[in-house]
Amino acid sequence: MIAQNNIRSTNNDPVESSESSPITGTTNGVGTSRLFRQFGSLFSTPAPANDPAGYVEFGSISDPPASSGRTLGTFAGVFCPVALSMFSALVFIRVGFIVGNAGLYVTLLQFIIAYVILLFTVSSVCAISTNGAVEGGGVYFMISRTLGPEFGGSIGTLFFLANVVGCGLAISGCAEGIIQNFGPTDGSDSGSIPDGRWWRFLYCSSINTLMLIVVLIGAEMFAKTSMLILGVVVVCLLSTYISFLTQGRMDVKIPHENSLVNYSTAVYTGLQADTLWANLHSNYTKDYTSNGNQVNFAVVFGVLFSGVTGIMAGANMSGELKNPSKSIPAGTLSAVLFTFLCYMALSVLIAATTTGTLLQNNFLFLGPINLWPTFVTIGILTATFSTGLSNLIGASRVMEALAKDRVFGPLMNFVVKGTYKGNPIAAVIASWVLVETILLIGSLNTIAQINSVLFMLAYLATNLACLGIEITGAPNFRPTYKYFTWHTAFIGLLGTAIMMFVINSIYALSSIILCLLLVIALHLFSPASQGAQWGSISQALMFHQVRKYLLMLDSRKDHVKFWRPQMLLLVSSPRSCCPLIHFVNDMKKGGLYVIGHVKVGEFVDNDSSHDPTIEEYTQWLSLVDHMKVKAFVELTLSRSVREGIQHLIRISGMGAMKPNTTILGFYDEEQSRDFFEYEESPYKTSEFDGNGIKLFPYRKSGETKPLGVVEYVRIIDDVLRMKKNLCLCRHFHRLDKQMIARNNHIRYIDVWPVNIFEPKNDDPFDVVSQFMMQLACIINMLPVWKKLELRVFLCESEAVSENSATFERPAEHRLDQRLKLLRISASIHKIPEWNKDIDFAKHRNILKQFTGKSDSNQVMVEENINRSKLYMQRINQIIRDKSNATAVTFMYLPTPPATPSVDYQEKCHHYLDLLTELTFDLPPTILVHGIDAVTSTTL
């Protein structure tokens, strides 16, 4: 029948048994509906609603227009948030603490280390952001669309927590500045406002609530607030520089909460060479704000780095930027340079003007020594407020992105529903609540270390993402930012990894473990990991590594010691052979497993349609997923089944990983069963029944077989001549692994190592029998099959021995020794009935004419044919009597008739008839023919 889809194709199912025999096209003429669609490449992302193409390529940068709700430019949207976040509580509150303990040399070194890490991380951020359209969510968006939903979701969650902790850190610094300027002094109760643990928590909560109000108004209000606050902070910082250059010697009071010293003042000297000299080297003391804990390099660097973690503040605003791919690099780099110069100048001036005693015992000394002390107070409040504001809005945007991607499934649906005019109200409120819990920690320096570790983990993931893409050489990774290389990503990755553990090894290890647990949980349970079309760097990395190792795998170096089965299972319709597909998956023993299918048809010369196997391929991949087998799929279009099988045998696999064993279903008349519809079937599914079309149709009762007996036998001959091991499988519709697991009645795996067509006493020791025993041993090694006993039946023929008494014991002994040498645990069973009423000598000569060893000119006689069938029936009865408790039987497959011979077609029919009689009513049976040695007895 000619298909009506411009491709000539047969509409009938192939010849098959219940396990579906070979391997022909099963797709009907009208063409199957497209159930699956392939999306963009690794660097494609879901499109915005106004993108008619359905996706945005990372290779082509197209930022959304301002009319889509994006209103912020480079200065307001990136430079201001980044600069303010990098000033944070550090610039006015903790630079003196760092210089006083670490000394100027180490301080400058720490700033250089921190900014080198930041610079290389910024380089990675710029590379990703200029390689495609960046949506809301900033760093989370970049990492998830590069590393995939599992890593992206876990790192995004930790980055969200880092922003929450950072917000708490800034608020704590703001409250500390308020208390120092307006709270009680000299240990008295006098002051504009009271002090105490819960009073401080109240002040922090009030600041947090004020931030909440600003962020609820929207991103535009945040940007305007940031520009104003940056101006104020810069003016306050300039007043500090001027004060250092103009102020002379004075005494500064020690805060009353500092109980580590017994004096009340310390000296500010002004610009003095002696002061600078004294502050060049480290002098670590105790921290009076954290119960007198000892300060060291790690503590100081943790505090320093927590103050400069704001490089992602601009990326967090990506959803509101007019042109994020240009604004993020320009704004972030300029802000990094600006803050670096400010910090270096401030550190040098502090070291040259202030004694170490004052630096170590009054972290807020900048106020008293300033020409206009109010400016410092304003600077502290505005810098910390703006940093907290940036972190709060960053946390809410990351949380919104996590919710939109359904990383945590329905748990975060309230975030999506709680969005008003593009502002994620619910995410902002949820972030505000988490910040409140962080504020209960109290100590600013403790919060700073947690904050630094979490941000460093996010930076590490960003560098890892870029390094991975660069290593894979993915052609669609073409960032317009020109200063990125794999070297910058690697240095940034190495630096962040080392400094994480330098700051606090316990926090670092805990965050990494939490990240890995999130990765595993999201991989197993997240809806995003199941259906995300973002692409995953893991696929690109695996491709890169697999290609490299495939090239290194040399078939010329193969050795029998390391042989493993590489299976090509030829399937017509998987509906009727599910148990066989599962069984072969067990039998592959970690080797290659390919499911092959031939679609009969050909291209029409004037046809403009595509290859039908392209569309069907995704359906077969879904089948592999449903069956839960570790298999590849190969489809081909051919004029005949036989020709298609030759194609599959030649092209399946790659390099040295090519199938060495071909498996066919048996050619018989048994009725097929649909395991997708069968009620008690473990494979039952409706996934492949849709729109009135049943995928993978199979031959039903009364339908004609498109594959003839002669062609089937020729396929067997082709496989053997192509030097592939061959297995013919029959009765596998009866195989039920669940019943084997729970039923003690089924106890054996049987091996019959005798060529029934030409029995010899050496049969158990030839290549075919050893291959058969190897396969049986492999099956017996697996959990479900391990409880079964492996039995080898010794079928010794007296007729082929001149002296049976001489050979009886040695044959059994030789077989026992062979099994021990091969490390195969099996029991040997002799068959006494084998020699009764069976004239082997006579039948051997008759049966040889049906095999490849026959005389090609020998003519068949009807009497010999009938006698051969009776012979097979008697042997079948012997085997059946021994198979009542057998799960699977392995039998010897003789070679088919030689092709150029007299009465070849009749010989093919009789050859297959005899195999049918031999395997009649047996348990699931595999007829095996091996080509090469597959076992080794040496090291």
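Everything numeric here is computed off the predicted structure, so don't read it as measured data. (Residues numbered from 1 in each chain as written. Predicted model: local features only at pLDDT ≥ 70, side-chain atom pairs only at ≥ 80, totals over all residues. Heavy atoms only, no water.)

Caption draft 1: Molecular detail of the overall build of the chain. Scanning the chain from terminus to terminus reveals 31 helices and 21 strands. Burial analysis of the chain (939 residues in total) assigns 57% to the buried set. Surface accessibility of the chain: about 38500 Å² in total, with carbon and sulfur atoms responsible for 58%. (Helix = DSSP H or I, 4+ residues; strand = E, 2+ residues; numbered from the N terminus. Buried < 20%, exposed > 50% of the residue type's maximum accessible area, 1.4 Å probe, protein only. Areas by Shrake-Rupley, 256 points an atom, 1.4 Å probe, with all protein chains shown as cover.)

Caption draft 2: Region of interest: the side chain of Thr488. Locating Thr488 in the fold gives a position in helix H17 (residues 486–503). At 2.7 Å, the side chain of Thr488 forms a polar contact with the backbone oxygen of Thr485. For Thr488, the residues in contact, after removing those within four places along its chain, are Phe120, Ser123, Asn463 and Tyr483. (Polar contact = N/O pair within 3.5 Å; in protein donor to acceptor, adjacent residues only side chain to side chain. Contact = heavy atoms within 4.5 Å.)

Caption draft 3: Summary view of the packing of helix H5 (residues 197–217) against helix H15 (residues 425–438). Two elements in contact, H5 and H15, have axes whose closest approach is 10 Å; the angle formed by their N-to-C orientations is 165°. One finds that H5 runs roughly antiparallel with respect to H15. The handedness of the crossing between H5 and H15 comes out as right-handed. Judged by residue contacts, Phe201, Ser205, Asn208, Thr209, Leu212, Val215 and Leu216 of H5 engage Ile425, Val428, Ile429, Trp432, Val435 and Glu436 from H15. For the contact of H5 with H15, the class distribution of residues is nine nonpolar, three polar and one charged. (Axes fitted to C-alpha atoms, helices over the stretch in contact; angles between N-to-C directions. Parallel < 35°, antiparallel > 145°, perpendicular 65-115°, else oblique. Left-handed = near helix turned anticlockwise from the far one by under 90°. Nonpolar A, V, L, I, M, F, W, Y, C, P; charged D, E, K, R; others polar.)

Caption draft 4: Representation of empty space enclosed by the protein within the structure. Using the criterion set out here, one finds three cavities of 30 Å³ or more in the structure. Together, 23 residues line the largest cavity, and Ser85, Ser88, Ser306, Thr309 and Thr387 are the ones closest to its centre. Of all elements in the fold, only helix H2 (90–129), helix H4 (149–182), helix H8 (297–307), helix H9 (313–316), helix H13 (373–404) and helix H16 (444–472) reach the threshold of two or more residues within the lining of the largest cavity. Ranked by the residues each element gives to the lining of the largest cavity, the list is headed by H4, at four residues. The residue inventory of the lining of the largest cavity, partitioned by class, reads nine nonpolar, 13 polar and one charged. (1 Å grid on protein atoms, 1.4 Å probe; cavity = no way out; pocket = protein on both sides within 12 Å on 5 of 7 lines; lining within 4 Å. Points joined across faces, edges and corners; volume = space filled by probe spheres on them.)

Caption draft 5: Seen up close, the packing of aromatic side chains. If you walk through the whole model with that rule in mind, you get 29 aromatic pairs. With a centroid separation of 5.9 Å and an interplanar angle of 65°, the aromatic rings of Phe87 and Tyr343 are classed as edge-to-face. Highlighted residues: Phe87 in helix H1 (residues 74–87) and Tyr343 in helix H10 (residues 324–353), separated in sequence by 256 residues. With a relative accessible area of 1%, Phe87 lands in the buried category. Among the aromatic side chains, those forming a connected cluster through ring pairs are Phe75, Phe79, Phe87, Phe111, Phe338 and Tyr343. Against the face of Phe765 rests Arg814, its NZ or CZ located 4.1 Å from the ring centre. (Phe/Tyr/Trp six-rings, centres within 6.5 Å; stacked < 30°, edge-to-face > 60°. Lys NZ or Arg CZ within 6 Å of the ring centre and 35° of its normal.)

Caption draft 6: Fine view of the nonpolar core. Counting residues in each nonpolar core, the largest one holds 152 residues, and the members touching the most others are Phe92, Phe244, Phe305, Val308 and Tyr343. Of the residues forming this core, the biggest block, 22 residues, is contributed by H2. (Core = buried A, V, L, I, M, F, W, Y, C linked by side-chain atoms within 4.5 Å.)

Caption draft 7: Examining H8 more closely. The element H8 is extensively covered by neighbouring structure, given that ten of its eleven residues are classed as buried. All buried positions along H8 are accounted for by Ala298, Val299, Val300, Phe301, Gly302, Val303, Leu304, Phe305, Ser306 and Gly307.

Caption draft 8: Examining unusual backbone geometry more closely. In this structure, Arg823 takes a positive phi of about 55° despite not being glycine. Mapped onto the secondary structure, Arg823 falls in the loop between helix H28 (804–821) and strand S19 (827–830). Looking at Arg823, the relative accessible area reads 60%, which means it is exposed.

Caption draft 9: The arrangement of the packing of H16 against H17 in detail. Close contact between H16 and H17 brings their axes to 8 Å; oriented N to C, the two are set at 155°. Comparing the axis directions of H16 and H17 gives the class roughly antiparallel. As H16 runs across H17, the sense of the crossing is left-handed. Seen from H16, the contacting residues are Gln449, Ser452, Val453, Met456, Leu457, Tyr459, Leu460, Asn463, Leu464, Cys466, Leu467 and Glu470; seen from H17, they are Trp486, Thr488, Ala489, Phe490, Gly492, Leu493, Thr496, Ala497, Met499, Met500 and Ile503. Broken down by class, the residue content of the contact of H16 with H17 amounts to 16 nonpolar, six polar and one charged.

Caption draft 10: Geometry of the pairing of strand S13 (residues 661–665). Of all the five residues making up S13, five are buried; the element is thus mostly covered by neighbouring parts of the structure. Neither face of S13 is left uncovered, since the one carrying Thr661, Ile663 and Gly665 and the one carrying Thr662 and Leu664 both have all their residues buried. Bridge analysis of strand S10 (residues 567–570) against S13 gives three bridges, and the strand direction is parallel. Within the sheet, the bridge partner assigned to Leu568 lies in S13 and is Thr662. Relative to strand S16 (residues 725–730), S13 runs parallel, the two sharing five bridges. Paired with Ile663 across the strands is Cys727, a residue of S16. (Pairing = 2+ DSSP bridges.)

Caption draft 11: Molecular detail of the pattern of salt bridges. Under the counting rule described, the total for this entry stands at 17 salt bridges. A salt bridge links Glu400 to Lys404; the nearest nitrogen and oxygen atoms lie 3.3 Å apart. Of the two residues, Glu400 and Lys404 are both situated in helix H13; the distance of four residues between them amounts to about one turn of the helix. The class for Glu400 is buried, based on a relative accessible area of 11%. The salt bridge involving Arg575 is made with Asp689; its shortest N-O contact spans 2.4 Å. (Salt bridge = Lys/Arg side-chain N within 4 Å of Asp/Glu carboxyl O.)

Caption draft 12: Fine view of the environment of Ser868. Within the fold, Ser868 resides in helix H30 (residues 862–881). Residues Ser868 and Phe757, spaced 111 residues apart in sequence, show a C-alpha to C-alpha distance of 9.3 Å.

Caption draft 13: Representation of the confidence of the model for the chain within the structure. With 83% of its residues at a pLDDT of 70 or more, the chain shows a mean pLDDT of 81. Residue range residues 1–67 is modelled with pLDDT below 50. Its contacts to residues more than four positions away, or to other chains, number 221 contacts. Scored below 50 in pLDDT, residues 799–808 makes twelve contacts in the model with residues more than four places away or belonging to other chains. (pLDDT = per-residue confidence, 0-100.)

Caption draft 14: Here's a closer look at the environment of Glu634. Looking at where Glu634 falls in the secondary structure, it is placed in strand S12 (residues 632–638). Beyond its immediate chain neighbours, meaning those up to four positions away, Glu634 contacts Val594, Ile595, Gly596, His597, Leu648, Ser652 and Gly653.

Caption draft 15: Broad picture of a nonpolar patch on the surface. Among the surface-exposed residues, Ile112, Val116, Trp486, Phe490, Ile491, Leu494 and Ile498 lie close enough to one another that they form a single nonpolar patch of about 600 Å² accessible area. Taken together, the elements giving at least two residues each to the nonpolar patch come down to H2 and H17. Broken down by element, the residue count for the nonpolar patch peaks at five residues, all from H17. Summarising the element assignment, Val116 is placed in helix H2. Given the relative accessible area of 34%, Val116 is considered partly exposed. (Patch = residues over 30% accessible without salt bridge, like charges linked within 9 Å, V, L, I, M, F, W, Y side chains within 5 Å.)

Caption draft 16: Expanded view of the side chain of Asn451. Within the element layout of this structure, Asn451 appears in helix H16. The exposure class assigned to Asn451 is buried, which follows from its relative accessible area of 1%.

Caption draft 17: Broad picture of the environment of Ile380. Mapped onto the elements of the fold, Ile380 is located in helix H13. Separated by 210 residues in sequence, Ile380 and Ala170 have C-alpha atoms that sit 9.9 Å apart. Aside from chain neighbours lying at most four places away, what touches Ile380 is Phe92, Ile93, Gly173, Gly177 and Leu364.

Caption draft 18: Expanded view of helix H3 (residues 139–147). Burial analysis of H3 places nine of its nine residues in the buried class, which makes it a mostly covered element. Every buried residue of H3 is listed here: Val139, Tyr140, Phe141, Met142, Ile143, Ser144, Arg145, Thr146 and Leu147. Of the residues trailing H3, Gly148 is marked for its positive phi of about 100°.

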